[in-house]
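Understanding the architecture of this molecule
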Amino acid sequence: MNQPTSINNEQSRLSACPIGLDPHRMPRHIAVIMDGNGRWAKAKGLPRVMGHRAGVEALKRTLRLCSDWGIKALTVYAFSTENWTRPGDEVKFLMALFERVLQRELEALQEEQVRIKFLGDLEALPARLQVLIAEATESTALNTGIHFNVCTNYGGRRELVLAAQKLAERSAIGELDPALIDENLFAAELFTASEEDPDLLIRTSGEMRVSNFLLWQLAYAEIYICDVLWPDFDATAFREALADFQSRCRRFGGLDPVPTDF
Ligand code: FPP
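Residues numbered from 1 in each chain as written. Predicted model: local features only at pLDDT ≥ 70, side-chain atom pairs only at ≥ 80, totals over all residues. Heavy atoms only, no water.

1. Quick look at the nonpolar core
Counting residues in hydrophobic clusters, the biggest one holds 50 residues, and the most contacted among them are Ile30, Leu74, Phe148, Ile202 and Phe238. The element contributing the most residues to this core is helix α4 (residues 88-111), with 9 residues. Those residues in contact with isoleucine 202 that sit more than four places away from it in its chain are Ile30, Ala31, Val32, Ile33, Tyr224, Phe233, Phe238 and Ala241. With 11 residues, the next largest nonpolar core counts Ile33, Tyr77, Cys151 and Phe213 among its residues. (Core = buried A, V, L, I, M, F, W, Y, C linked by side-chain atoms within 4.5 Å. Buried < 20%, exposed > 50% of the residue type's maximum accessible area, 1.4 Å probe, protein only. Helix = DSSP H or I, 4+ residues; strand = E, 2+ residues; numbered from the N terminus. Contact = heavy atoms within 4.5 Å.)

Right, here's the structure in full:
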């Protein structure tokens, strides 16, 4: 007799979990600062942009692993509000790369039931990219697989300012009593509204900074920094990050460990 899908899903999650990791204590949501593309290229005597191209392969690999290992959401920092200050050619290359990848990968994302969203000030992006983003977001909105959030022209401070503006506007027209603004109402105005906060932040290439990424949402995330450059981030490096995560004792500001058995 066929087993119900939910049992099949649970069984495949347990069997796909890498040896040495506890399938019940995987992070639900992982955020990644994909750093080191330029250094990876430089070390190989290649132009910086080749590092970004290799970075896309690392991203595809990581998304697939997250999906296979039962992680519910992956949020990556693809382009920050500060990245516009890079040389014009590099910015142009990145925008064209985002377009190409979206066009090329949308079908595979659909097949794997990925729900993709782009978080950030999207109106400043090239018009063609905005159209592709809208199409990808809309056509994957009902997918039931992993939530894949691509932070593009994203800045944590900007996100907080925009949320404050929206709440102030609603208060000014009498729709909202300012005294009722709490953490839930505030979080609902962020780009990540309805997504749970990340449990784990991974930053590659050894830099120990948050770099204006998910300033609100990372409040209680475990932070993992590795020396691996982003294009080299593979299943082994990812497994090490997850093993480190599972060795942490999460207390969320209290004294007792909070069970993280999902
Ligand atoms: C940081 O490395 C990386 C970026 C600013 C770009 C990341 C973008 C990708 C991996 C492509 C993603 C594609 C899609 C479609 C989402 P860096 O250039 O700052 O490296 P460096 O610190 O070594 O110079």
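2. Observations concerning unusual backbone geometry
Both trends apply: most residues other than glycine have a negative phi, and most peptide bonds are in trans. For asparagine 153, which is not glycine, the phi dihedral falls at a positive 50 degrees. By the secondary structure assignment, asparagine 153 is in strand β4 (residues 147-154). Phi at serine 205 is positive, roughly 75 degrees, even though this residue is not glycine. Structurally, the position occupied by serine 205 is in the loop between β5 (200-203) and β6 (222-225).

3. A short note on the site of the ligand
For the ligand, the set of nearby residues contains 17 residues, the closest of which are Asp35, Gly38, Arg39, Arg48 and Arg86. One of the backbone N or O atoms of glycine 36 is found 3.4 Å from an oxygen atom in the ligand. Taking 630 Å² as the accessible area of the ligand by itself, protein coverage stands at 91%. Secondary structure elements with two or more residues in the shell around the ligand: α2 (37-43), α3 (48-68) and α4. (Near = heavy atom within 4 Å. Polar contact = N/O pair within 3.5 Å; in protein donor to acceptor, adjacent residues only side chain to side chain. Areas by Shrake-Rupley, 256 points an atom, 1.4 Å probe, with all protein chains shown as cover.)

4. Quick notes on α4
With 24 residues, α4 should reach 34 Å at 1.5 Å per residue; the first-to-last C-alpha distance of 35 Å fits that figure. In the structure, α4 departs most strongly from a straight axis at glutamate 105, where the bend amounts to approximately 50 degrees. Within α4, the full set of buried residues consists of Glu90, Val91, Phe93, Leu94, Met95, Leu97, Phe98, Glu99, Val101, Leu102, Glu105 and Leu109. In this fold, the buried residues of α4 make contact with α3, β2 (73-80), β3 (115-119), α5 (127-140) and β4. Backbone geometry just downstream of α4 places glutamine 113 in the positive-phi region, at approximately 60 degrees. (Expected span 1.5 Å × (residues − 1). Bend = angle between axes of the 7 residues up to and from the residue.)

5. A look at the side chain of glutamate 189
With respect to the helices and strands, glutamate 189 occurs in the loop between α7 (183-187) and β5. For glutamate 189, a relative accessible area of 14% puts it in the buried group. Discounting residues that sit within four places of it in the chain, glutamate 189 has contacts with Ala163, Lys166, Leu167 and Arg170.

6. Side note on the packing of aromatic side chains
Taken as a whole and assessed by the stated rule, the structure comprises 10 aromatic pairs. Between the aromatic rings of phenylalanine 186 and tryptophan 216, the centroid separation amounts to 4.8 Å while the plane-to-plane angle is 20 degrees, which identifies the pairing as stacked. Here tryptophan 216 lies in the loop between β5 and β6 and phenylalanine 186 lies in helix α7, a separation of 30 residues in the sequence. Residue tryptophan 216 is classed as partly exposed on the basis of its relative accessible area, which comes to 27%. Ring centres of phenylalanine 233 and phenylalanine 238 lie 5.7 Å apart, and the angle between their planes is 50 degrees; this geometry places the pair in the tilted category. Grouping residues by exposure puts phenylalanine 233 and phenylalanine 238 together as buried. Pairwise contacts between aromatic rings join Trp69, Trp230, Phe233 and Phe238 into one cluster. Lying over the aromatic face of phenylalanine 93, arginine 100 brings its terminal NZ or CZ to 5.9 Å of the ring centre. (Phe/Tyr/Trp six-rings, centres within 6.5 Å; stacked < 30°, edge-to-face > 60°. Lys NZ or Arg CZ within 6 Å of the ring centre and 35° of its normal.)

7. Re the pairing of β4
Among the 8 residues in β4, 7 count as buried, and that is most of the element. Relative to β4, β3 is paired through 5 bridges, and the arrangement is parallel. Looking at the pairing, leucine 119 lines up with cysteine 151 of β4. In this fold, the crossover linking β3 to β4 by way of α5 has left-handed handedness. (Pairing = 2+ DSSP bridges. Right-handed = clockwise from strand over helix to strand, strands pointing away.)

8. Side note on the packing of α4 against α5
When two helices pack together, their arrangement is given by the angle between their axes and by how far apart the axes lie. Between α4 and α5, the least distance of the axes is 10 Å, while the angle of their chain directions is 20 degrees. Looking at the two axes, α4 sits roughly parallel to α5. By crossing handedness, the relation of α4 to α5 is classed as left-handed. Two secondary-structure elements touch here, α4 through Met95, Phe98, Glu99, Leu102, Gln103, Leu106 and Gln110 and α5 through Arg128, Leu129, Leu132, Ile133, Ala136, Ser139 and Thr140. (Axes fitted to C-alpha atoms, helices over the stretch in contact; angles between N-to-C directions. Parallel < 35°, antiparallel > 145°, perpendicular 65-115°, else oblique. Left-handed = near helix turned anticlockwise from the far one by under 90°.)

By themselves, these are just geometric observations and shouldn't be taken as functional.
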